[in-house]
Amino acid sequence: MSSAATAPSPAARLRRLKPGWISDPKVWRTEILAGLVVALALIPEAISFSIIAGVDPALGLFASFTMAVVISIVGGRRAMISAATGAVALVIAPLNREHGLGYLIAAVILAGIFQVALGALGVAKLMRFIPRSVMVGFVNSLAILIFMAQVPEMTDVPWPVYPLIAAGLALMVFFPKITTVIPAPLVSIVILTVITVGAAIAVPTVGDKGELPSSLPVPGLPDVPFTLDTLTTIAPYAFAMALVGLMESLMTAKLVDDITDTHSNKTRESVGQGIANIVTGFFGGMGGCAMIGQTMINVKVSGARTRLSTFLAGAFLMVLCIVFGPVVSDIPMAALVAVMIMVSFATFDWHSVAPKTLRRMPAGEIAVMVITVVAVVATHNLAIGVVVGSVTAMVVFAKRVAHFADVTAVTDPDGTTVVYRVTGELFFASSNDLVGRFDYAGDPEKVVIDLTAAHIWDASSVAALDAIETKYGQRGKTVEIIGLNDPSADLHGRLSGELAAGH
């Protein structure tokens, strides 16, 4: 039989590529309803994040539309929602405030390019090096910054704003006790809008912030000079946005992996986030990343598991805005402030600051969390906070591990040989103290250093052992190093005697 006769037909190959859920009506119903609920919940948050960034609500809505649609195709985590987010808004808000909208759009495109490059370089694998205490500090500082961004909307405003905010918070707390089918933030916004419009209460509205889109976004280039000065202006913000977006997206992807007991391609997700931001920038959006809250609505509450729900969330969002734009313009700002206060409260990890937790947590872990929060709040830059927190965690870890290296000496009964048994991890922090643990003047002629229970990690440790041998050699004594495991022996063999140049 010929190979051509046994080769599968194009139709058969297509059937194998087609997802199994395509022909399942129950899955379609679940995914469509999930997409609609997420779209409804996205509208107020996208508008709120637009206001945080200091741009028209249309830009946040456009970003949510393009991010969701594009990531549903190129992303690495099925059913995860990407849209305009508070983390990205906080990073790019200063750029928009100081240089204008054109620079913000250019930064979004550059951030996407950075994300594609970082994803291709395997940055997703580096996430495992970010300690939990830094993650907690990241989340808590994000919550604090979101709340701080609402303060201007509660300052020098008509007095009805305050009871409206209180009413919005009350609705979001108590409505879920009745039903969770409709997102409580959406219910709160609808009720407060009806009250302010029906009673003609004069308070700031979304329409005061800018016009909503009446048509789909069209592609275009950012209105900036294409010069080196422009690049140097936007690059720091773009890189910060790229890091923050990837960190939040990869954290969310890991969470969805745990909930669904499925694996996701983190490298593909990293590259996909970059592609989505590039597309979003060319369509005039403010950029974004994965949204933890909306993803939980999609995956945990609605039960979605495929890319269809993510795609439909973006598509439904534009339909709602274009058809119901005039109604959305009448939403009182107080309603959105209430939503963001609730998001801030829900984002903060209250367990991490509970007295019971603080009593049990090592002081170093608490210090890392606090330093991360302080760095973020002081700089208003989440990426700086994570870097500072991670470096602090490394210092704390190095200091802690360094204390586990120990040296004990045993002299032979005949007094001709002393054996030093070294235990623990030998690296730059522990090896610096190693040289001072030996009795160079009082020891006998032969010295044995037993490293059976130790491991050499770096050049600093090899240099310390060389210094010990040199000090004994100056006194006419011999040193024998025994018990090296294979990696330690290889490192010691390559570097020993080669590190003293220039001294």
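Residues numbered from 1 in each chain as written. Predicted model: local features only at pLDDT ≥ 70, side-chain atom pairs only at ≥ 80, totals over all residues. Heavy atoms only, no water.

By size, the foremost hydrophobic cluster in this structure holds 98 residues, and its most contacted members are Ile47, Leu61, Ile92, Ile165, Met286, Leu317 and Leu336. A total of 12 residues in this core trace back to one element, the largest contributor, which is helix α3 (residues 25–53). If near-sequence neighbours (up to four positions away) are discounted, leucine 336 is found in contact with Pro44, Ile47, Ser48, Ile51, Ile189, Val206 and Ile331. Listed in part, the 23 residues of the second largest apolar core include Val422, Leu434, Leu465 and Val479. (Core = buried A, V, L, I, M, F, W, Y, C linked by side-chain atoms within 4.5 Å. Buried < 20%, exposed > 50% of the residue type's maximum accessible area, 1.4 Å probe, protein only. Helix = DSSP H or I, 4+ residues; strand = E, 2+ residues; numbered from the N terminus. Contact = heavy atoms within 4.5 Å.)

Under the criterion given, the structure shown has seven salt bridges. Among the ionic pairs, arginine 77 bridges to aspartate 257, the shortest N-O distance being 2.7 Å. Of the two residues, arginine 77 sits in the loop between α4 (57–74) and β1 (82–83) while aspartate 257 sits in helix α10 (residues 228–260), which places them 180 residues apart along the sequence. You'll find arginine 77 and aspartate 257 in the same group, each marked buried. For aspartate 450, the salt bridge goes to arginine 421, with nearest N and O atoms at 3.0 Å. Linking aspartate 450 in strand β5 (residues 446–456) with arginine 421 in strand β4 (residues 417–426), this pair joins segments that are 29 residues apart in sequence. A single network of salt bridges, built from pairs that share partners, joins Arg77, Asp257 and Lys266. (Salt bridge = Lys/Arg side-chain N within 4 Å of Asp/Glu carboxyl O.)

The next point concerns the side chain of aspartate 450. For aspartate 450, a relative accessible area of 7% puts it in the buried group. There is a polar contact of 3.0 Å between the side chain of aspartate 450 and the side chain of arginine 421. Among all residues touching aspartate 450, those that are not within four sequence positions of it are Val419, Tyr420, Arg421, Val422, Ile482 and Gly483. (Polar contact = N/O pair within 3.5 Å; in protein donor to acceptor, adjacent residues only side chain to side chain.)

The next thing to look at is the environment of glutamine 294. Inspection of the secondary structure assignment puts glutamine 294 in helix α12 (residues 292–301). The spacing of glutamine 294 and valine 38 is 256 residues in sequence and 6.2 Å in space, taken between C-alpha atoms. Setting aside residues up to four positions removed in sequence, glutamine 294 forms contacts with Val38, Ala41, Leu42, Glu45 and Ile81.

Let's shift gears to helix α5 (residues 86–99). Taking 1.5 Å of rise per residue, the 14 residues of α5 would be expected to cover 20 Å, and the 20 Å separating its terminal C-alpha atoms lies within 8% of that figure. At isoleucine 92, α5 shows its maximal kink, close to 40°; a proline, proline 94, follows between one and four residues later. Most of α5 is tucked away, with 11 of its 14 residues classed as buried. Within the sequence span of α5, burial applies to Gly86, Ala87, Val88, Ala89, Leu90, Val91, Ile92, Ala93, Pro94, Leu95 and Asn96. On the buried face of α5, the contacting elements are α3, α6 (101–120), α7 (132–150), α10, β2 (289–290) and α17 (382–402). Just beyond α5, the residue with positive phi is glycine 100, at close to 105°. (Expected span 1.5 Å × (residues − 1). Bend = angle between axes of the 7 residues up to and from the residue.)

So, on to the packing of aromatic side chains. Applying the stated criterion across every chain yields a total of eight aromatic pairs. Aromatic side chains phenylalanine 438 and tyrosine 440 sit 6.3 Å apart centroid to centroid with 35° between the ring planes, which places their arrangement in the tilted category. Measuring from ring centre to ring centre gives 6.4 Å for phenylalanine 438 and tyrosine 472, while their planes differ by 90°; the resulting arrangement is edge-to-face. Here the residue phenylalanine 438 occupies a position in the loop between α18 (428–431) and β5, and tyrosine 472 occupies one in helix α19 (residues 459–473), the gap between them amounting to 34 residues. Members of the aromatic cluster, joined through ring pairs, are Tyr420, Phe438, Tyr440 and Tyr472. One residue, lysine 471, lies across the ring of tyrosine 440, its end atom 5.9 Å from the ring centre. (Phe/Tyr/Trp six-rings, centres within 6.5 Å; stacked < 30°, edge-to-face > 60°. Lys NZ or Arg CZ within 6 Å of the ring centre and 35° of its normal.)

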